[in-house]
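Chain residues, written in single-letter form:
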Amino acid sequence: MAQITKKTALTLEERGVSRKELLQKAQKTNNDEFYTRYEDVEKELSMYPKRIWKDKVVFCNCDAVDDDGRTSAFALYFLRKFEELGIKKLICTHYAGQVDLFNQGPRGYVFTKTGYRESKEFPQNYTGSFDDPLSLKILHEEADIVCTNPPFSRARDYWRILIESRKKFIIISNITNVKNQPYMSYFEGGKVWAGYNEVDWFLNPKRELTRAAGHWYTNFPIRNRPKHKLLKIMPLKNIPEKYKKYDDSKVLLVDNCHIPNDYKKPFAVSVRSILNGLLEKGYKLIEHKEYVPYMNGKRCFGRVLVRKVSK
Ligand SMILES: C[S@@+](CC[C@H](N)C(=O)[O-])C[C@H]1O[C@@H](n2cnc3c(N)ncnc32)[C@H](O)[C@@H]1O
């Protein structure tokens, strides 16, 4: 039988907070409130072999499990598929915020499902933050696979903690991380690569569709990446003129996922080529920062520099 322990919420009056104050705090904390749609979670996670979940502890460390329809799509997916995937344990931690909306101090919680037993605990002084000591203990000592869409505003810290933990993961983050300096060494070092899909739509707290540029990232092997076929790898001379240019520094820029296979020097590609799996095709990133080309003195969109790995 499901067993859920939860404290009752207080009224605004009891919390000593006015509606205006509440809204002001909500606005300040609103930027991270992009919720993942269930269909996006299902579309991505169904691409991985079922055996990866068998007897594993799945940790969703930015995810609510609530009775009032606010359960995160990640939690919902694993609750529904718990038996089918043979998951050993699901742990979801939920963030209350350092300055929480109701002035009650931190009230993060830990939801756990093991077999048919479900429980929710509110440990004293637990914030629910992914970097709270209790969350880190769960990450290091219990979790096998981490799966979530973490707050965009804390993405840099989140990635560092996750990657240093050496745990397996499937997460959503910004589509441009591939060209953002704090993340590039992870891609270059083979610690992370793109998952299968991008995520264009999220839900805001009013459950309205909101556009944002997300992508899945993982360190599980991607077998026969479907997007490899979008890469047009060919001799430089075969790349149509309109898709190859040289910038003011004489660096070759290739577009529309055209990739020269006989060019020895570094050249610039869009993030899209990396997301389509270019680094798995014998090319490597050669700088840990975005490359911003100029053509006739005019700034072009940012790319990354890659080079063919010589054999
Ligand atoms: C992008 S939303 C995604 C929520 C949920 N994982 C999903 O996929 O729908 C990120 C959530 O993380 C919460 N959050 C903000 N800071 C956090 C922190 N330090 N630790 C854990 N969660 C945090 C935000 O309040 C927000 O609800």
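Residues numbered from 1 in each chain as written. Predicted model: local features only at pLDDT ≥ 70, side-chain atom pairs only at ≥ 80, totals over all residues.

**Regarding the environment of Lys 265**
Then, in step 1: Tracing the backbone shows Lys 265 in the loop between β13 (258-260) and β14 (267-269).
Then, in step 2: On the neighbour-count criterion, Lys 265 (11 C-beta atoms within 10 Å) is exposed. (Helix = DSSP H or I, 4+ residues; strand = E, 2+ residues; numbered from the N terminus. Buried ≥ 20, exposed ≤ 12 C-beta atoms within 10 Å, placed from the backbone.)

**Observations regarding the confidence of the model for the protein**
Then, in step 1: The predicted model of the protein has a mean per-residue pLDDT of 89, with 87% of residues at 70 or higher.
Then, in step 2: Predicted confidence is poor over residues 1-12, with pLDDT under 50, and the contacts of this stretch with residues over four places away or in other chains come to 17 contacts.
Then, in step 3: When the criterion is pLDDT under 50, residues 99-103 qualifies, and its contacts beyond four places in sequence or with other chains add up to 12 contacts. (pLDDT = per-residue confidence, 0-100. Contact = placed C-beta atoms within 7 Å.)

**Overview of unusual backbone geometry**
Then, in step 1: Even without a glycine there, the phi angle at Asp 55 is positive, about 60°.
Then, in step 2: By the secondary structure assignment, Asp 55 is in the loop between α3 (38-45) and β2 (57-60).
Then, in step 3: In this structure Asp 55 comes out as exposed when scored by C-beta crowding, with 11 C-beta atoms within 10 Å.
Then, in step 4: Here the phi dihedral of Arg 207 falls at roughly 65°; this positive angle occurs in a residue that is not glycine.
Then, in step 5: Tracing the backbone through its elements, the reader meets Arg 207 in the loop between β8 (193-203) and β9 (209-218).
Then, in step 6: Overall, Arg 207 belongs to the exposed group, with 10 C-beta atoms counted inside 10 Å.

**What about the sheet that holds strand β18 (residues 304-308)?**
Then, in step 1: Spatial ordering of the open sheet is given by β11-β12-β14-β18-β15, a layout of five strands whose pairing is mixed. Edge strands, defined here as strands with exactly one partner in the open sheet, are β11 (244-246) and β15 (283-285). Strand-to-strand twist in this sheet, taken as the mean axis angle between neighbours without regard to direction, amounts to 35°.
Then, in step 2: Strand direction decides the pairing type here: β14 and β18, joined by three bridges, are antiparallel. Residue Ala 268 lies in a different strand from β18, and its bridge partner there is Leu 305. (Pairing = 2+ DSSP bridges. Axes fitted to C-alpha atoms, helices over the stretch in contact; angles between N-to-C directions.)

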